[in-house]
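Structure at a glance
So the chains spell out like this:
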Amino acid sequence: MTLHRRYIPDVPEATVKVAKAAFRKGNRYMQMRDELGTLFNDEQFADLFPNVGQRAESPWRLALVTVMQFAENMTDRQTADAVRGRIDWKYALSLELTDEGFDFSVLSEFRTRLLSSGAEARLFDIMLVGFQERKLLKAGGKQRTDSTHILSNVRELNRIEFVGETLRAALNELASVAPAWLKTVVPNDWFDLYSRPFSEYRLPQKEAERLELGERIGRDGIDLLTHIYAQTSPSELRRLTQVEVLRRVWVLQYYQDEDEQTRWRRTGNVPPGERILTSPYDTDARLSKKRGSEWVGYKVHLSETCDEDTPHLITHVETTLATAADSEVVEPIHAELKRKNCLPAQHLVDNGYGSGAALVSSHRDYAVDLVGPARPDVSWQANTEGAYDLSCFQIDFEARTVTCPQGHTTRQWYERTGSRGKPAISVQFSTSVCRACPVRERCTTAKAGRQIGFIPEPEFRALEAARQREQTEDFRQVYKKRAGVEGTISQAVGVLGMRRTRYRGLDKVHLQHLMTAAAMNLMRVVDWLSGKERSSTRVSAFARLAMA
Ligand code: SF4
C-alpha cells in the first residue's frame, strides 16, 4: 500500500457542529485550524515513509499532533487519548467524532523516523516558512538570544557509582546477548558486587577505602575488556553499545602506572570537561557550572525576533553539550538563520556571547551587528583598583611589540593556540626589568617578568569597540530589548517542561527542544492573529523605582 498521500480533508460537518457548540467563546486549536489550516501536508514527509507496506497514519496529522503534544507538555499516552477524546483536537485534525485515533507508540515511531533521517528540524522549519509566507517573520529586524541549562533525565552519580554502573550496564548487555560466554569469564564474586544498582550500596566513608573500591572496579573493567577483545571472543561483543561506553569511560577515568597497576585519574591527569561522561545511560550529558549553579545535562540557546510589528517568534534552537561556551554558538546560529532566510540586522545577546571572534564573524560573514556587553576581563588586575590590566599596555600589532605603563617595551611576542583551540598571543617582559620596577605589585605577582595574553588584532579591536559602545546611551536604548528573551526561556522551562529532558542523547534532546519551540511559535501566532496582546516582561516594583 502506498503512503497515505490524499489531500487534507475538510473538518467533518458533524465535528464542526459539535465543536462550535462546545466552544462558543473560541478555542486556540480551532482558531489555529481556521486561521492557519493544517500547517503540514503529507508530501513534506514523503521521504520518511516507505512506499510499500502497512498504511501509515497521515504524516501531516502526526506532525501537527506532535506540535500540539508539546504545546501541552503531554506524554505520548496522554496525547493519543487527546486525539481520541477531545473535540477541539478532532476539529484541528479533521477527524470524525467517532475516530478512534491511534496507538500512542505511533508518536515515538514518528520521532524515530525524523531522527533517523536527520530531519529533526523539519517540523520547526516548515512552520517558519509558513510564517514567512504570511509576513509574520522577516529577515533584517532585531533578534535576541539567551541560553539556559537543561537537566538530563538520568540520576546524578558520584564517581564510584558512575564507574560501577558503567561496568554493570556492560555486564547486563552481555548477559542478554551472550550469557554462556559471560559465565565463562566472570568470577563468582562479581555477582555480589554488580547484580544490584550501586545506589543501593552503602559506599565506604573513608577516602582510602573509596579509592580501593574505585580501583577494584577499574581492574574488573579491564579484565572484562581484555576478555571481550581476545581473539577467541565473538567479534560482535566489541560492537555492543554498553561495551563501547565501558571502553570510553575506562580511558577517561583510569590509567595504568609503570607497574601496570590500574589507577584513578586525578587532578592534572584528567581529560577536559567536554570529554568527561557522567552516566553510562546518557553519554552526551556533561557536568557544567554557570553563575554558581552546577548541573548534569545540556544547554539550549533560543533565538527569537523582537520587532514590534510582528509576533515574537523563535527562529532558531541550538542544543549543545553543557560544557560548550556561549560564544561558540554565535557563528552556527547565524549560519542557520542565513539558511532559513531570517538573519537579523541586529542580534542582542548577553556578555557570554560577546567574544572577539563572535563579533568579527557576525559582522564580516553575516552583516549582523552583534549587540551586547563584551566579555569582561577576569584577571585580578582588572578587578583591583589601581592595578595594571591589559588596557594599560600599548600593543603594536604591526611591530609585534608591547609597551608597559612604565615605558618598557618587549619584543618577546609568541603566537600560540589559546583556550578551545583559538589563536592567541603571549608576550613576556624581562624578569630583570620587572624585578627592579618600583610599581611591580600593581602589575604582577609572578617571580618572572609580567606576562600578558591577548587575541589577534581584528578580534582585539572588535572587543575594544564593543567596550566603548557599551558606555553609550544609544547602546542602552537598543539593548533594553534583550531582556524579553528571559520571559521566553521561562515559559519554555517553567510551563512547557524544557528544563528536564524527556529523552537521552543530544539528538533526541534537540528534537524535544525544537518541538517545544514549534509549539510556542504556533501559540504565539494564533494569539497574534486573534489580536491577543503580547505579555510584556514582568518588572518588579523595586526595579520600576530604579527606572523612574
Ligand atoms: S612590572 Fe614590568 S611590565 Fe609591569 S609596569 Fe613594571 S616594568 Fe612594566
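The sections below set out a description of the structure shown in this document. (Residues numbered from 1 in each chain as written. Predicted model: local features only at pLDDT ≥ 70, side-chain atom pairs only at ≥ 80, totals over all residues. Heavy atoms only, no water.)

1. Examining the sheet that holds strand β11 (residues 409–410)
- The antiparallel open sheet is built from 3 strands, whose spatial order is β9-β10-β11. In this open sheet, the two strands that pair with only one neighbour each are β9 (394–396) and β11.
- Pairing analysis gives 2 bridges linking strand β10 (residues 401–403) to β11, with the strands arranged antiparallel. When the bridges of β11 are listed, Thr 403 appears paired with Thr 409. (Pairing = 2+ DSSP bridges. Helix = DSSP H or I, 4+ residues; strand = E, 2+ residues; numbered from the N terminus.)

2. As for the environment of Leu 171
- One can find Leu 171 in helix α8 (residues 159–177).
- Distance in space between the C-alpha atoms of Leu 171 and Arg 375 is 47 Å, their sequence separation being 204 residues.

3. Description of unusual backbone geometry
- One non-glycine residue, Ser 94, adopts positive backbone phi at about 55 degrees.
- Tracing the chain through its elements places Ser 94 in the loop between α5 (87–92) and α6 (105–116).
- Residue Glu 260 is not a glycine yet carries a positive backbone phi of 60 degrees.
- Judged by its relative accessible area of 62%, Glu 260 is exposed. (Buried < 20%, exposed > 50% of the residue type's maximum accessible area, 1.4 Å probe, protein only.)

4. Here we look at helix α2 (residues 28–36)
- Among all positions in α2, only Tyr 29, Met 30, Met 32, Arg 33 and Leu 36 are buried. One side of α2 carries all its buried residues, which in axial view fall inside an arc of 165 degrees.
- Buried residues along α2 sit against α1 (13–22), α3 (59–71), α5 and α19 (506–529).
- Structurally, the start of α2 carries an N-cap: the backbone nitrogen of Tyr 29 is 2.8 Å from a side-chain oxygen of Asn 27.
- A positive phi of about 70 degrees marks Gly 37, the residue just after α2. (Arc of directions from axis to C-beta. Contact = heavy atoms within 4.5 Å. Polar contact = N/O pair within 3.5 Å; in protein donor to acceptor, adjacent residues only side chain to side chain.)

5. Re the pairing of strand β13 (residues 423–428)
- Two elements, strand β12 (residues 413–417) and β13, share 5 bridges in a ladder whose sense is antiparallel. Bridge pairing links Glu 415 to Ile 425 in β13.
- Counted along the chain from β12 to the antiparallel partner β13, the turn is 5 residues long, and its residue Arg 420 has a positive phi close to 55 degrees.
- The sheet contact formed by β13 and strand β14 (residues 451–454) spans 4 bridges and is antiparallel. Across the sheet, Val 427 pairs through a bridge with Ile 452, a residue of β14.

6. Remarks on the pattern of salt bridges
- Under the criterion given, the structure shown has 31 salt bridges.
- Here Arg 339 ties to Asp 125 by a salt bridge, and the two come within 3.1 Å at their closest N and O atoms. On the criterion of sequence distance, the pair formed by Arg 339 in helix α13 (residues 330–339) and Asp 125 in helix α7 (residues 122–133) is long-range, its members being 214 residues apart.
- A relative accessible area of 16% places Asp 125 in the buried class.
- Ionic pairing is found between Arg 339 and Glu 336, a salt bridge with its closest N-O pair at 2.8 Å. Taken together, the residues Arg 339 and Glu 336, both in helix α13 and 3 residues apart, mark about one turn of the helix.
- Taken together, the shared-partner salt bridges connect Glu 72, Arg 86 and Asp 88 into one network. (Salt bridge = Lys/Arg side-chain N within 4 Å of Asp/Glu carboxyl O.)

7. Overview of the environment of Phe 460
- Among the secondary structure elements, Phe 460 is positioned in helix α16 (residues 457–469).
- For Phe 460, a relative accessible area of 14% corresponds to the buried category.
- Taking C-alpha positions, Phe 460 is 9.3 Å from Ser 355, a pair spaced 105 residues apart along the chain.
- Ignoring sequence-local partners within four residues, the contact set of Phe 460 consists of Leu 390, Ile 395, Phe 397, Phe 454 and Ile 455.

8. Looking at the nonpolar core
- Met 32, Phe 40, Phe 45, Trp 89 and Leu 123 are the most contacted members of the largest nonpolar core, which has 62 residues in total.
- Among the elements that take part in this core, α19 stands out by supplying 12 residues, more than any other.
- Structurally, this core is a two-domain feature, drawing no fewer than three residues from each of domain 1 (13–119) and domain 2 (142–147 + 289–373 + 470–542).
- Beyond its immediate stretch of four places on either side in the chain, Met 32 contacts Gly 37, Leu 39, Leu 64, Met 68, Ala 92, Leu 522 and Val 526.
- Counting 34 residues, the second largest nonpolar core, distinct from the first, contains Leu 174, Leu 225, Val 245 and Leu 246. (Core = buried A, V, L, I, M, F, W, Y, C linked by side-chain atoms within 4.5 Å. Domains from an automatic or database assignment.)

9. Some remarks on the side chain of Glu 161
- Along the polypeptide, Glu 161 turns up in helix α8.
- Its relative accessible area of 11% is what places Glu 161 among the buried residues.
- The residues touching Glu 161, leaving out its near neighbours within four places in the chain, are Arg 155, Glu 156, Phe 198, Ser 199 and Leu 203.

10. Topic: the packing of α3 against α6
- As a packed pair, α3 and α6 sit with axes 10 Å apart at the nearest point and diverge in direction by 100 degrees. As summarised for this structure, α3 and α6 are arranged roughly perpendicular, according to the angle between their axes. Residues Pro 59, Leu 62, Ala 63, Val 65, Thr 66 and Gln 69 of α3 touch α6, and the partners they reach there are Val 106, Leu 107, Phe 110 and Arg 111. (Axes fitted to C-alpha atoms, helices over the stretch in contact; angles between N-to-C directions. Parallel < 35°, antiparallel > 145°, perpendicular 65-115°, else oblique.)

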